[in-house]
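Below are the chains, spelled out letter by letter.
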Amino acid sequence: MEWIQQLVNGISLGSIYALIALGYTMVYGIIKLINFAHGDVFMLGAFIGFYAIARWEIGFFPALIIAMVLCAIIGVVIERVAYKRLRNATRIAALITAIGVSLLIENVVIFFRGASPEAYPEVLPNTSINILGVSISSISILILAVTIVLMILLQFIVHKTKIGKAMRAVSLDPDAARLMGINVDNTISATFAIGSALAGAAGVIFGVYYTRIEPLMGVLPGLKAFIAAVFGGIGSIPGAMVGGLSLGVVETVVSALGFSLWRDAAAFVILILILILKPSGIFGKNTREKV
């Protein structure tokens, strides 16, 4: 029963990684860019949710929506200001710019509010629910439910809407999509908006679950979400979901076995193994590239 409880905890943690990883994999699938500022958008979402709950005294779901909307706007601004002019630049230039944007966001937040952590207000009742002898936190169940709803919504947007069809077309061939009348710039901005909105939602969920946030909180979860995206097959939305959930379960199992100090190392061991054994990831496909 204890292992089942640990599995539930791992899925709750993994769902947060999955939401962040979806932003990585969507942006990479469209413009082949690893947006390392994505983890800091996750941090901004946590702080937006914090101020919405603590200062404006609103509930969890309104704070979640506000964080998603504002993070979507921030994601579009980042794309238009920092990345749009580098579309035809080398990948290393875009990568360095992404790292620079990440450092800029972190230090701007530290400049305006300081580096001290904040305690997230208790906005949800934390009760235990017994299911077949397993005591599960109500917050864990709610987090998992919200994550599943957001993932289903993302799948609907990608596969059933006009902007989703445009995103899939641009990911296959941007030049052909442009010739077919698709506005590639707006499609890329929409991709950043959706990915950043999911990261903002993950930030609020993280704050409610772990009750502590600080300006550098996006660094390690951002790296782990990137590992989850690579593990599942970067560029694959189902792969990001499976990778995030798998990574969360692995970390929880490592902690449950008494190696809690090694839980962060476990993520990077997984990255090394997947790069050695199957670089394309679980759901990724080997593609030929012209040189």
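For the structure, check the block above.
Residues numbered from 1 in each chain as written. Predicted model: local features only at pLDDT ≥ 70, side-chain atom pairs only at ≥ 80, totals over all residues. Heavy atoms only, no water.

## Quick look at unusual backbone geometry
With a phi close to 55 degrees, K32 is a non-glycine residue in the positive phi region. Inspection of the secondary structure puts K32 in the loop between α1 (2–31) and α2 (38–54). In this model, E57 sits at a positive phi of 55 degrees, which is unusual for a non-glycine residue. You can see E57 is positioned in the loop between α2 and α3 (60–83). (Helix = DSSP H or I, 4+ residues; strand = E, 2+ residues; numbered from the N terminus.)

## So, the pairing of strand β3 (residues 134–137)
Where burial is concerned, the two faces of β3 differ: the one with V134 and I136 is buried and the one with S135 and S137 is not. Looking at chain direction, strand β2 (residues 128–131) and β3 are connected through 4 bridges and run antiparallel. In the strand pairing of β3, S128 is matched with S137. (Buried < 20%, exposed > 50% of the residue type's maximum accessible area, 1.4 Å probe, protein only. Pairing = 2+ DSSP bridges.)

## Remarks on the packing of α2 against α3
The relative placement of two packed helices comes down to the angle between their axes together with the axis-to-axis distance. Orientation of α2 relative to α3, taken along the N-to-C sense of each, is 140 degrees, at an axis distance of 9 Å. At the point where α2 passes α3, the crossing takes the right-handed sense. Contact residues: V41, L44, G45, I48, G49, A52 and I53 in α2; A63, I66, A67, L70, C71, I74 and I78 in α3. Residue composition of the contact of α2 with α3, grouped by class: 12 nonpolar, 2 polar and no charged. (Axes fitted to C-alpha atoms, helices over the stretch in contact; angles between N-to-C directions. Left-handed = near helix turned anticlockwise from the far one by under 90°. Contact = heavy atoms within 4.5 Å. Nonpolar A, V, L, I, M, F, W, Y, C, P; charged D, E, K, R; others polar.)

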